[in-house]
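# Chains, contacts and geometry: an overview
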Amino acid sequence: MEPITTFSGKAVAVPGENIDTDQIIPAKWLKVTDKAGIAKGLFEAWRLLPDGTPNPDFPLNRPEAAGASVLVAGKNFGCGSSREHAPWAIQGAGFRAVIAPSFADIFRGNSLKIGLLPIAIDEESYHELLSHIEEDPESTVAIDLVNQRVILPGGRTVAFPIDSFAKHCLVHGVDQLGYLQQQEDAVAAYEAATSGGVNTRA
Amino acid sequence: MPTPKTLFDHVWDAHVVQPETPETPAVLYIDLHLIHEVTSPQAFTELRERGLTVRRPDRTLATMDHSTPTTPRNELGIIPVTDPQAIVQLNQLRTNCAEFGIPLFELGDANQGIVHVIGPEQGLTQPGMTIVCGDSHTSTHGAFGALAFGIGTSEVGHVLATQCLLQYRPKTCAVRVDGALQRGVTAKDIILALIAKYGVGGGNGHVFEYMGSAIRSLSMEERMTICNMSIEGGARAGMIAPDDTTFEYVAGRPFAPQGAEFEAAVARWRTLPSAEGALFDKEMTLDASELVPMITYGTNPGMGMPIDGLIPTLDEMPDASSRMALDKAMIYMGLQPGKPLLGHPINMVFIGSCTNSRLSDLRQAAALIKGHKVAEGVRVMVVPGSQQVKKAAEAEGLHEIFKAAGAEWREAGCSACLAMNDDKVPAGKYAVSTSNRNFEGRQGPGSRTMLASPLTAVAAAVTGVVTDPRTML
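Residues numbered from 1 in each chain as written. Chains lettered and ligands numbered in written order. Predicted model: local features only at pLDDT ≥ 70, side-chain atom pairs only at ≥ 80, totals over all residues.

### Observations regarding the sheet that holds strand E9 (residues 171-178) of chain B
All names here are of chain B. To be explicit about the condition: When DSSP finds two or more bridges between a pair of strands, those strands are recorded as paired. Each helix is a run of H or I in the DSSP string that is no shorter than four residues. Each strand is a run of E no shorter than two, and both are numbered from the N terminus. Working convention: axes come from line fits to C-alpha atoms, limited for helices to the stretch in contact. Angles between N-to-C directions cover 0 to 180 degrees. Residues are scored as being in contact if the C-beta atoms we place from backbone atoms lie within 7 Å.
Taking strand neighbours across the sheet as the criterion, the four strands line up as E11-E10-E9-E12 in an open arrangement whose pairing is parallel. The open sheet has two free edges, formed respectively by strand E11 (237-240) and strand E12 (282-287), since each of these has just one partner strand. Strand-to-strand, the axes of this sheet are offset by a mean angle of 25 degrees, without reference to chain direction. By the bridge criterion, six bridges tie E9 to E12 in an arrangement that is parallel. Looking at the pairing, Ala174 lines up with Glu283 of E12. Against the sheet, helix H6 (residues 187-198) engages E9 and E12, with an angle of about 125 degrees to E12.

Following this line, the structure appears as structure tokens:
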């Protein structure tokens, strides 16, 4: 995984609270066995009109959204299904971070695993960010993961929380499975101390 | 004196391999890992790329449920899969299970079914366990006093490789439901009412523990319906303290401990409930005696109301963003704020899903539909949650009751819950569904879902309009 420290990018907003993972990536895109091409399904039902042509009103389809790398959305973003296909699709479409007032638990965890930053900021800052994007669709935000802060288009700095372990992994480009594998001795000791349990092969 | 522990604390503490530190999350041991065809393929790819193996195939079980058809068997007794993508996905699961030694319940096998139906049915789901699956409705298994939650595909890989997960200790929320349910009001109505009251994000960051007299009096299958939709309330897991109802349900099932081992297990399980005075980070309450059948009118499970109520108006919404959400939902659903839902025409009824596809759900639905006919122009799909449920229902003749009424009796699977197989609600059509999500397009592009109990679903099926099931009792 590529280390993430600081970056800035154009922000595009898909406002609305409780945007669920069925909207982010409809179920028909889950019938795959790899991750390739999933980005084509991102927000498909909103991005396309019923006849399959792009919906010109959808924010991601506007010409000024081209090249955006920061997605901005309302509270409880990513609720619903645990499908990791949702962060895969967002990342596959070129986004490196999602900024929202809050995230659903599973979506946040899934995003951190793949290096898509879920950045939770307060409601007031969220609305300020929306206004900036509305006024100037070329607005960019700067994200400083090391110092856990976002610089809004107007120059104001907003702090965001992130768990220290996920941050360490992202900043150093190390993955969490590697860390878990190093726990083998402790896992073996735990298993030795706790006998029994189900046996699905019995 | 030690701090009194909650049910969650008991299960969590018993599974900590490495404690949480300021720098690192806890390493949590997983007792049972359930997998299915949709969220596992990329995890196995990851294992192969890293040259890893499955650490505990004997703690892992696979089934086929999401992308599978529920169409009747052909003359060879086989459920035909025609979707090329589904064929690839199912073949991939077969290959992965064979290569890594994981037992698999094949499509159409005697034990195959929805992952959250088969775990409890087989006795694999037991009190005090940690259970995960790449599926958010894993919360279902919490009905047994297990800590059970959905994970993403990266984490599926973590568990396959190490049988552990990295987790921060979540907060706890006591969900107190007291009072006796009135006739025609079910466990589904309890959970829909709770989510309507506290919202789809109300439980974020928390594990629910459902408690109170209303919860105690529920059967295991009713408790599963409630825990199933914890995720719809934002909680990754929902738990119910095990009691005699739990032990009686588990006893004698294929993978449950037998004989003296079972007695020893029950003695351990009796120590799991929250101790007197145990503290929770948050509390929610609901009076079950005041509930009426619930139905959803919008595009998330929190947009629910009493079936005899009115859809809220924009003025009743607390803030601008919820006004926007309601407005958007009304346009999508083709409904009017401030209007009733009773009498609204419907096109489809779906009785099934990991929420409401167990034998007691089917019994309840069959008892109400018996002697009635499905309304003209309405399609009714009844989809048992597993092959075992199907067999048991057929042994009681429930399938004949459904078929005589004009409903379809189908093979086991996730079916019309999530539009991943051929069972879909057509664009613009209204479905009363016993499933768990009414998101835009959830049951098919343009589908309009109203979530409700099996009783409310049957009432709509026979009248062709949204109907209070209490008028049929």
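Having seen the model, we can carry on.
### What to know about the interface of chain B and chain A
Short version of the rule: Nonpolar residues are Ala, Val, Leu, Ile, Met, Phe, Trp, Tyr, Cys and Pro. Charged residues are Asp, Glu, Lys and Arg, and all others, Gly as well, are polar.
Every contact between the two is made by 64 residues of chain B and, on the other side, 49 residues of chain A. Mapped onto the side of chain B that touches chain A, the elements with two or more residues apiece are strand E1 (16-18), strand E2 (26-29), helix H2 (41-50), strand E4 (60-63), helix H3 (84-100), helix H5 (153-162), strand E8 (164-167) and helix H11 (320-333) of chain B. Looking at side-chain class alone, the side of chain B that touches chain A contains 28 nonpolar, 27 polar and nine charged residues.

### A look at the pairing of strand E10 (residues 206-211) of chain B
All names here are of chain B. As a reminder of what qualifies: Burial in this document is a count-based property: other C-beta atoms within 10 Å of a residue's C-beta are tallied, and the residue is buried at 20 or more, exposed at 12 or fewer, or partly exposed in between, with C-beta positions derived from the backbone.
Of all six residues that make up E10, six are buried, and the element is covered over most of its length. In E10, alternate side chains face the same way, and those of His206, Phe208 and Tyr210 on one face and Val207, Glu209 and Met211 on the other are all buried. The sheet contact formed by E9 and E10 spans six bridges and is parallel. The residue bridging Ala174 from the neighbouring strand is Glu209, located in E10. Across four bridges, E10 lies against E11 in parallel orientation. Along E11, the bridge assignment pairs Phe208 with Gly238.

### A look at the packing of H2 of chain B against H5 of chain B
Residue and element names in this part refer to chain B. How we decide: Note on angle classes: values under 35 degrees are labelled roughly parallel, values over 145 roughly antiparallel, values of 65 to 115 roughly perpendicular, and the remainder oblique. For a crossing to be left-handed, the near helix must be turned anticlockwise from the far one by less than a right angle; the clockwise case is right-handed.
Two elements in contact, H2 and H5, have axes whose closest approach is 8 Å; the angle formed by their N-to-C orientations is 50 degrees. In this view, H2 runs oblique relative to H5, as classed from their interaxial angle. Along this stretch, H2 crosses H5, giving a crossing that reads as right-handed. Contacts between H2 and H5 involve Gln42, Ala43, Glu46 and Leu47 on the former and, on the latter, Thr153, Val156, Gly157, Leu160 and Ala161. Of the residues belonging to the contact of H2 with H5, the class tally is five nonpolar, three polar and one charged.

### What to know about the packing of helix H12 (residues 359-369) of chain B against helix H15 (residues 454-463) of chain B
All names here are of chain B. Their axes nearest at 9 Å, the elements H12 and H15 cross at an angle of 35 degrees. The way H12 lies across H15 gives a crossing that is right-handed. Residues Asp361, Gln364, Ala365, Leu368 and Ile369 of H12 pack against Pro454, Leu455, Ala457, Val458, Ala461 and Val462 of H15. The residue makeup of the contact of H12 with H15, split by class, is nine nonpolar, one polar and one charged.

### Re helix H8 (residues 220-228) of chain B
Residue and element names in this part refer to chain B. Summarising burial for H8: nine of the nine residues are buried, a large majority. Turning to H8, its buried residues are Met220, Glu221, Glu222, Arg223, Met224, Thr225, Ile226, Cys227 and Asn228. Contacts from the buried residues of H8 go to helix H4 (115-121), H6, E10, E11, helix H9 (244-250) and H12.

Function-wise, these values are silent; they only describe arrangement.
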